[in-house]
Amino acid sequence: MTDLKSDFLQVFTERGYLHQCTDIDALDKAFAEGIVTAYIGFDCTAKSLHAGSLMQIMILRRLQQAGHKPIVLMGGGTTKVGDPTGRDESRPLITDAVIQENMDGIKKVFEKFLTFGDGPTDAIMVNNADWLDDIKYIQFLRDYGPHFSINRMLSFDSVKLRLEREESMTFLEFNYMILQAYDFVELKKKYNCTLQLGGSDQWGNIVNGVELGRRTNGFSLFGLTSPLLTTASGAKMGKTAGGAVWLNEDMLSAYDYWQFWRNTEDADVGKFLRLFTEIPMDEIARLEKLDGAELNEAKKILADACTEMAHGKAAAAAAAETARQTFEMGQTAEGLPTLEIPKAELEAGIPAATLFQRAGLAASNSEARKLIKGGGAKLNDTKIDDEKAVLSLNDLADDGRIKLSAGKKRHYLIQPV
RNA sequence: GGAGGGAUGCCUGAGUGGUUAAAAGGGACGGACUGUAAAUCCGUUGGCACUGCCUACGUUGGUUCAAAUCCAACUCCCUCCA
């Protein structure tokens, strides 16, 4: 690989986003010469994206900062088909109404990371249902079918793995890669989009689009992928005790989001700082060299920066302060997640296990009881010994609340009203 | 259309009439040690009104004192043949 000239690709490489490119020199040239329009597709399978998609979001943000135009492609159409990539079995079919709802939720995230508008480098968001919904089947087959070889399609990982594992794959899913390829061509025609970005698992799909564009219209398109992110211990990015690390605040509080980043493994701190923050490289180099416990400072900076971007400065500061009081001072902090409960109910007495369950610290009463039995449950920072303990107004702390803790990290306030 | 194989808890996977809420591993959660890290060790891992009861081994029905285990039908998956 020759030296890169474009700002974007330099940053892209140095921060660790680069995995593969169809033609990096030509792409570099394009970036250096003018505005490049690039897109990433997102599935609408949930109401919010989670941390697993954050790298792709950051890439679009970087792209825009470097003076190029990002397109967020919502897979309103392709979600109806379902991407088989990395899937052991077919996804359940999602209805149009759910897809719409999911799209609305996902949009909110992008507004925090990108600037949308009509300007030359303003981001736009488009929905592939706009062109996929009205495809004429025979026409489509005749126009695009001849450019896809079944032999080749069977050799793609998304298909091959499924076949090897002896899992069934429907014709519906088999078509996904064709539609994604078609998306790229359509975006080129509509918006002069010449680059598709994505995770390395999307490579096959992306290459298909590049080739389809060349064969049908002689377009010169590019594909650029980023590594699939796992933590140092091999876990998939974006999962934690409570489930997925959602980016929308109504799905995961800013405090929990901050905690997620604060709990990053040592070995990942440098990588995460590069990928998920905009802290300058020399500063990151300094931070990741910190030794032992000092590295915790770097984790806080990481958590601050990430939370700021997703939830705003104020929310990030509040989350950091809550964490500081809770973990460093051992106090009961204002900003902890709080459950309100009618005073009368508490007066009558509530089993501790029930309260843990209602606060979401345990999935069921049994689980809560096991937590208490295992010595992991605390009431106002004191271990609960009796799994049948009943809480009442007598258990309120001096500030009139109850603090419940499950393990060392998960805390909840119970506020009588 | 025909022949054969299969479906077990969050996942992988053992179990082929009672001692099975179901081996083992993984994951997850909790504890100890730490630095809100990793590694390691220990414990827990279907639900509930919890020394008991209920639900569970693809679905439905049957045999039996007793079924994840035997039988029948059905559903879905896989392989081979046409």
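Structure's up top.
Everything quoted here is computed from the prediction, not taken from an experiment. (Residues numbered from 1 in each chain as written. Chains lettered and ligands numbered in written order. Predicted model: local features only at pLDDT ≥ 70, side-chain atom pairs only at ≥ 80, totals over all residues. Heavy atoms only, no water.)

Caption draft 1: Up close: the overall build of chain A. Helix and strand counts for chain A come out as 19 helices and 15 strands. In terms of principal-axis extent, the alpha carbons of chain A reach across some 75 × 50 × 40 Å. Burial status across chain A gives 48% buried among its 417 residues. Here the analysis covers contacts within chain A between residues at least 6 apart in sequence; of these, 72% occur between residues at least 24 apart. Of the roughly 19,800 Å² of accessible surface on chain A, a fraction of 49% belongs to carbon and sulfur atoms. Across chain A, 48 positive and 59 negative side-chain charges occur, with their mean positions spaced 2 Å apart. (Helix = DSSP H or I, 4+ residues; strand = E, 2+ residues; numbered from the N terminus. Buried < 20%, exposed > 50% of the residue type's maximum accessible area, 1.4 Å probe, protein only. Contact = heavy atoms within 4.5 Å. Areas by Shrake-Rupley, 256 points an atom, 1.4 Å probe, with all protein chains shown as cover. Lys, Arg positive; Asp, Glu negative; His and termini not counted. Charge placed at Lys NZ, Arg CZ, Asp CG, Glu CD.)

Caption draft 2: Fine view of the protein's contact with RNA strand B. Surveying the vicinity of RNA strand B reveals 30 residues, the closest of which are Asn263, Asp266, Ser366, Arg369 and Lys408. Take the atoms of RNA strand B that sit within 4 Å of the protein: sugar and phosphate atoms are 59% of them. Taking Lys299, its side chain carries an N or O atom lying 3.0 Å from a base nitrogen of RNA strand B. At 3.0 Å, a side-chain N or O of Lys370 approaches a phosphate oxygen of RNA strand B. (Near = heavy atom within 4 Å. Polar contact = N/O pair within 3.5 Å; in protein donor to acceptor, adjacent residues only side chain to side chain.)

Caption draft 3: A look at the packing of helix H13 (residues 269-276) against helix H14 (residues 281-288). H14 packs onto H13 with a crossing angle of 160 degrees between their chain directions and a minimal axis gap of 9 Å. Comparing the axis directions of H13 and H14 gives the class roughly antiparallel. The element H13 and its partner H14 pack so that their crossing is right-handed. On H14, the residues touching Gly270, Leu273 and Arg274 of H13 are Met281, Ile284, Leu287 and Glu288. (Axes fitted to C-alpha atoms, helices over the stretch in contact; angles between N-to-C directions. Parallel < 35°, antiparallel > 145°, perpendicular 65-115°, else oblique. Left-handed = near helix turned anticlockwise from the far one by under 90°.)

Caption draft 4: Molecular detail of helix H16 (residues 313-328). Between its first and last C-alpha atoms H16 spans 21 Å; for 16 residues at 1.5 Å apiece the expected length is 22 Å, and the two agree. Of all the positions in H16, only Ala316, Ala319, Ala320, Thr322, Ala323, Gln325 and Thr326 are classed as buried. Check the buried side of H16 and you find it contacts helix H12 (254-262), helix H15 (295-311), strand S14 (402-406) and strand S15 (410-416). Two residues or fewer past H16, Gly330 is found with a positive phi of approximately 65 degrees. (Expected span 1.5 Å × (residues − 1).)

Caption draft 5: Examining the pairing of strand S3 (residues 69-74) more closely. Burial of S3 is extensive: six of the six residues sit out of reach of the surface. Residue alternation in S3 divides its side chains into two sets, Lys69, Ile71 and Leu73 and Pro70, Val72 and Met74, and both sets are buried. Two elements, strand S2 (residues 37-42) and S3, share six bridges in a ladder whose sense is parallel. Across the sheet, the residue bridging to Ile40 is Val72, located in S3. Read as a crossover between parallel neighbours, the route from S2 over helix H3 (residues 54-65) to S3 is right-handed. Note: S3 against strand S4 (residues 124-127), four bridges, orientation parallel. Considered in S4, the bridge of Leu73 is made with Val126. (Pairing = 2+ DSSP bridges. Right-handed = clockwise from strand over helix to strand, strands pointing away.)

Caption draft 6: Highlighting the sheet that holds S14. The sheet built from five strands is open, its strands ordered S9-S15-S14-S11-S12 with mixed pairing. Every interior strand has two partners, whereas the edge strands, strand S9 (338-341) and strand S12 (382-383), have only one. For strand S11 (residues 377-379) and S12, the ladder comprises two bridges, and the chain directions are antiparallel. Looking across to S12, one finds that Leu379 is bridged to Thr382.

Caption draft 7: Up close: the nonpolar core. Judged by nonpolar contacts, the single largest core of 68 residues is most densely connected at Trp261 and Phe276. For this core, the element with the most residues is H15, which contributes eight residues. Counting residues in hydrophobic clusters, the runner-up holds 31 residues, among them Ile71, Val159, Met177 and Leu212. (Core = buried A, V, L, I, M, F, W, Y, C linked by side-chain atoms within 4.5 Å.)

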